[in-house]
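The chain contents come next:
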Amino acid sequence: MPSTTPFIRLENLSKSFGKVRAIHHISLDIHRGQILALLGENGAGKSTLMSLLAGQLQPDSGSIFLNGEKVVLNSTEKAIHYGIGMVYQHFKLVENMNVLENIILGQSKNFWLRRSSLEAQVKELARNYGINLDLNAPIRGLSMGEKQQVEILKLLFRKSDLLIFDEPTAVLTPKEADNLFATMREMAAKDKAIVFISHKLEEVLSIADHIAILKQGEIIDRINPDAGLSPAELARRMVGRPVLLQVQRQEVEPRQTVLKVQNLSGNGLEHIELELRQGELLSLVGVAGNGQKALVETICGLQPPKEGSVRILGQDWHDFFADKQSESSLSYIPEDRQGLATCSGLDLLDNFLLTTRHGFTQGPWLHKQVAGEKLEKLLHDFDIRPPDAALRAWQLSGGNLQKLVLAREFYRKPRLIVAEQPTQGLDIAAAEEVWRLLLKAREQAGIILVTGDLAEALALSDRIGVMFRGHLVATMSRHDQASIDRIPQMMAGLNEEEHKQTQYEEVNP
Amino acid sequence: MNTELLIPLLAAAVVSGTPILYATLGEIITEKSGVLNLGVEGAMMMGCFTAFITAKLTGQPWLAFFAAGLAGLLTASLHGVICLVFQGNQVVSGLALTIFGAGLANYLGTPYIGLAAPGFSPVPIPGLAHIPVLGPILFNHDPLVYLSYLAPFAVGIFFRHSRFGLSLRSVGEFPAAALAAGLNATAYRWAGILAGGFFMGLGGAYLSLAYTHLWTNNLTAGRGWIAVALVIFAFWRPGRAVFGAYLFGGIMALQLRLQAGGTSLPSSLLLMLPYALTVAVLLFSCWRQGTRAPANLGVNIEPSS
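Just so it is clear, the model here is predicted, and its values are computed rather than measured.

Thresholds applied
Residues numbered from 1 in each chain as written. Chains lettered and ligands numbered in written order. Predicted model: local features only at pLDDT ≥ 70, side-chain atom pairs only at ≥ 80, totals over all residues. Helix = DSSP H or I, 4+ residues; strand = E, 2+ residues; numbered from the N terminus. Rg over C-alpha atoms; globule rule 2.2 N^0.38 Å. Buried ≥ 20, exposed ≤ 12 C-beta atoms within 10 Å, placed from the backbone. Pairing = 2+ DSSP bridges. Axes fitted to C-alpha atoms, helices over the stretch in contact; angles between N-to-C directions. Parallel < 35°, antiparallel > 145°, perpendicular 65-115°, else oblique. Left-handed = near helix turned anticlockwise from the far one by under 90°. Contact = placed C-beta atoms within 7 Å. Nonpolar A, V, L, I, M, F, W, Y, C, P; charged D, E, K, R; others polar. Core = buried A, V, L, I, M, F, W, Y, C linked by C-beta atoms within 7 Å. Domains from an automatic or database assignment. pLDDT = per-residue confidence, 0-100. Expected span 1.5 Å × (residues − 1). Arc of directions from axis to C-beta.

We now examine the overall build of chain B. Along the backbone of chain B there are 12 helices and 0 strands. Reading the helices (α) and strands (β) of chain B from amino to carboxyl end gives α-α-α-α-α-α-α-α-α-α-α-α. Taking 19 Å as the expected radius of gyration for a compact globule of 305 residues, we find that chain B reaches 19 Å, a close match to that expectation. Taken along its principal axes, the extent of the C-alpha atoms in chain B is 65 × 45 × 40 Å. For chain B, the proportion of its 305 residues judged to be buried stands at 48%.

In structure tokens, the structure reads:
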């Protein structure tokens, strides 16, 4: 435990995007020779914090100290100059060049590249860190793990002292992940500082010297893994104590089944069983990347079920999606509202007509007049501001854009709605509006809500399902308090026995 | 065809291929940085006229040659302003540049049509010029041709073995990687556009200083477009551009000879030959393998938010 000045010290860093608080009064020490893990859900502020360190964003307030001296990281070059390097989730490699060229890019001081001497230097470096790569191989032929090694070598070659890894294992096979961890330990042993961003609990526990848990832009906990913490406890702390959200909620009598999933496997899913009835809102919670995406994409027709059956409104998956008419009774509200859900360069009317042409067409022609009138009413009913159909989608704030997507989808009177992280990145007022609309839509449809926010799930759901490693571990009623208390453990993949060993009492309203 | 006819034809192929070679190298440099400049013809025309007028006024061919390079560079800099400063569409900007450059050069040159200016004449290289066959084909030309022998190697070595060349290529392939390495991607694109424009201007200069020694309208006659096509044919490799340029030079020379020899083929059909070959070459290149264009060719760098 070094008592010296930390390599990097963050003091009271804050950054907001409009009304949304990305990170809030974060103070953090990063020491040489140590691996610091930043643990947090999507949207917890991890990437913002990282961009501040990489010089891509400037904090609204707070300061960054390097070896005890205050620095301003206002450009990528500056961050590089100070020895801060980043291994991005999406590699920044030139596919058509070879490994060596990628590593020496921007690094040679001489006008002419002395390939043989540079190659020898890189080879030496790779050997020191136990990395084995053919330096003359073009990048395009490498595996993801090898590409990541090139990224690491790039940073080591430019003598970075701090290496930040953004979810580095997301693209790796387990074997490659083990290699990566070995390299990370090697780097820490050679007095580099490592920051490791992840939401995979077990790997964080196995590799990190320190763990900081980020939630809604704040560090809510700092943990020393040597304290013998179980993944369950870690999950509990990461999820935190759910703040009870006050949402007006009326019970709706469940009616006929709209979705029945039986023994669905493949694409990372394992024997999913699930039934949803009209009038029900089922939340799927879990740490991101545990199969939620695959399940949603299968239900919404983006990928066919490999094994098992999916029946939507009583029809088999293939029949349902073959029939254009019945397909309109399903609404998908994707996580990516600016990419998948809307076209940012089109006006609101065109965006409205993207999925909702029924009733506005005659042969090949669109009745824009009629659709326009309808949209005016929807803009008013859903309180979308500014209520101007001629605006382009990009001119709307995130909350208003999301409301437009909901208005469009609900207008079709769907019987089954699948909403992915519908309130992510929205401020609280906009989020409440979205919650109200979802609960209202429940009267005519069955809703699946995928969320990383347990509080949101608890406030809205009739039932909650927990996903872990492609399994739907359990589904429970909102009234089953005993099971709800165990959700954090389930998210960490722990069974009943282990649960009994944890001595922490859940504090719940 | 016997050697008495073939050797002069091949020598003529080298001469008519030289301006295309300069222009093709210019476009390769530009495209390697990720910028598509379809204004080659415009930059060549500006270079062509500038060379002519400089030589006419000063009587100094070498000065005229480099002035033409500068004229090409300045013309291409418009492309840089539109595409790099204002994020304009590269295709549209390049087309406009062609029309603008050709139009301006023709307009400025109107009073000089048919007038001659001093230029370069063949200087046989002692010793080499007497090698049988190769001597007359390669070593009995003006100095600009000899310079063009060196240029592709220089450009190739520069791309492969200099720090600057590596960085420039990375900007054409994947600007995000260059940015992550702390390089100023936009500056490299400027360098690509300006250096490329310089070479295009040199290509134009060859036409008025060595190929004709006089000024007429539309001296470039579509050679700029041929250069654009040759870049693809050459798979963006300077060395291969040499073959392409001489192939086209050969067709142009052959076409002239056939006309002079009094063939029964209509002259307009013969004039069409190089352009028909352009289409054929493009088809061939695309069919032979998926093009190896720089991955971000023609894609502007989004200003970081």
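Don't stop here, the text continues.
Attention now moves to the sheet that holds strand S19 (residues 416–420) of chain A. Backbone hydrogen bonds are what pair the strands of a sheet, in a parallel or an antiparallel way. All names here are of chain A. Strand order across the open sheet formed by 6 strands is S16-S19-S20-S13-S21-S22, with mixed pairing between neighbours. The sheet is open, and its two edges are formed by strand S16 (330–333) and strand S22 (471–477), each paired on a single side. Strand after strand, the sheet turns through a mean of 15 degrees between neighbouring axes, direction not considered. Strand direction decides the pairing type here: strand S21 (residues 463–468) and S22, joined by 6 bridges, are antiparallel. Within S22, the residue paired with Arg463 across the bridge is Ser477.

Turning our attention to the packing of helix H10 (residues 223–233) of chain B against helix H11 (residues 238–260) of chain B. Residues and elements named next belong to chain B. Their axes nearest at 9 Å, the elements H10 and H11 cross at an angle of 135 degrees. Classified by the angle between their axes, H10 and H11 sit oblique to one another. In the crossing of H10 with H11, the sense of the turn from one axis to the other is right-handed. Listed contacts from H11 to Ile226, Leu230 and Phe233 of H10 are Ala241, Gly244, Ala245 and Phe248. Of the residues in the contact of H10 with H11, the class split is 6 nonpolar, 1 polar and no charged.

Okay, the environment of Met491 of chain A next. Residues and elements named next belong to chain A. Looking at where Met491 falls in the secondary structure, it is placed in helix H18 (residues 487–491). Residue class for Met491 comes out buried when judged on the 25 C-beta atoms lying within 10 Å of it. When the C-alpha atoms of Met491 and Gln256 are compared, they prove to be 30 Å apart, with 235 residues separating the residues in sequence.

Time to look at the nonpolar core. All names here are of chain A. Within the largest apolar cluster, 161 residues are counted, with the highest numbers of intra-cluster contacts made by Leu36, Ile194, Val195, Phe196 and Val418. Both domains that furnish three or more residues to this core are identified here as domain 1 (8–229) and domain 2 (257–501). If we skip the residues at most four places from it in the chain, Val195 touches Ile30, Leu36, Leu38, Leu162, Ile164 and Phe165.

Here the focus is the sheet that holds strand S2 (residues 20–30) of chain A. Residue and element names in this part refer to chain A. Strand order in the open sheet made by the 4 strands is S2-S1-S4-S5, with antiparallel pairing throughout. In the strand order of this sheet, the two ends are held by S2 and strand S5 (69–71), each with one partner. Ignoring which end each strand starts from, the neighbouring axes of this sheet average 30 degrees apart. Pairing of strand S4 (residues 61–66) with S5, which is carried by 3 bridges, proceeds in the antiparallel orientation. Counterpart to Phe65 in the pairing with S5 is Lys70. Here helix H1 (residues 46–53) sits on the sheet and contacts strand S1 (8–17) and S2; the angle it forms with S2, its principal contact strand, is near 60 degrees.

So, about the domain arrangement of chain A. Residues and elements named next belong to chain A. Its domain assignment divides chain A into domain 1 (8–229) and domain 2 (257–501). Taking only C-alpha atoms into account, the centre of domain 1 sits 34 Å from that of domain 2. When its residues are assigned to classes, the side of domain 1 that touches domain 2 shows 3 nonpolar, 3 polar and 2 charged.

Every contact between the two is made by 17 residues of chain A and, on the other side, 16 residues of chain B. It is helix H2 (residues 76–81) of chain A that contributes the most residues to the side of chain A that touches chain B, 3 residues altogether. Of the residues contributing to the side of chain A that touches chain B, the split by class is 8 nonpolar, 5 polar and 4 charged.

What follows covers the packing of helix H12 (residues 348–355) of chain A against helix H13 (residues 368–381) of chain A. Residue and element names in this part refer to chain A. Contact geometry for H12 and H13: axes closest at 10 Å, N-to-C directions at 100 degrees. Taken together, H12 and H13 sit at an angle that is classed as roughly perpendicular. Two secondary-structure elements touch here, H12 through Leu348, Leu349, Phe352 and Leu353 and H13 through Lys368, Ala371, Gly372 and Leu375. Its residues placed into classes, the contact of H12 with H13 shows 6 nonpolar, 1 polar and 1 charged.

We now examine the confidence of the model for chain B. With 97% of its residues at a pLDDT of 70 or more, chain B shows a mean pLDDT of 91. The ipTM assigned to the predicted complex is 0.87, against a pTM of 0.78.

Turning next to helix H9 (residues 292–299) of chain A. Counting buried positions along H9 of chain A gives 6 out of 8 residues, so the element sits mostly inside the fold. All buried positions along H9 of chain A are accounted for by Gln292, Ala294, Leu295, Val296, Thr298 and Ile299 of chain A.

The next subject is unusual backbone geometry. Residue and element names in this part refer to chain A. Cis geometry marks the peptide bond from Arg385 to Pro386, where omega comes out at -10 degrees. Residue position: Pro386 is located in the loop between H13 and helix H14 (398–411). Even without glycine at this site, Lys413 takes up a positive phi of about 50 degrees. Structurally, Lys413 is set in the loop between H14 and S19. For Lys413, a count of 13 C-beta atoms within 10 Å gives the class partly exposed.

With that settled, the discussion passes to H13 of chain A. Residues and elements named next belong to chain A. For H13, with 14 residues, the first-to-last C-alpha span of 19 Å sits near the 20 Å given by 1.5 Å per residue. Within the span of H13, buried status applies to Ala371, Leu375, Leu378 and Leu379. The arc enclosing the buried residues of H13, seen along the axis, measures out at 100 degrees, which places them on a common side. Exposed residues on H13 whose side chains face more than 90 degrees from its buried face are Gln369, Glu373, His380 and Asp381. Where H13 is buried, its residues contact H12, strand S18 (365–366) and H14. Phi for Asp383, located one or two positions after H13, is positive at around 55 degrees.

Residue and element names in this part refer to chain A. Looking at the secondary structure, you find Ala341 in the loop between S16 and H12. Accessibility expressed as a C-beta count within 10 Å gives 23 for Ala341, which makes it buried. Along the backbone, Ala341 and Gln402 are 61 residues apart, and their C-alpha atoms lie at a distance of 9.0 Å. Residues contacting Ala341, with those up to four places away along its chain left out, are Ile333, Pro334, Asp336 and Val405.

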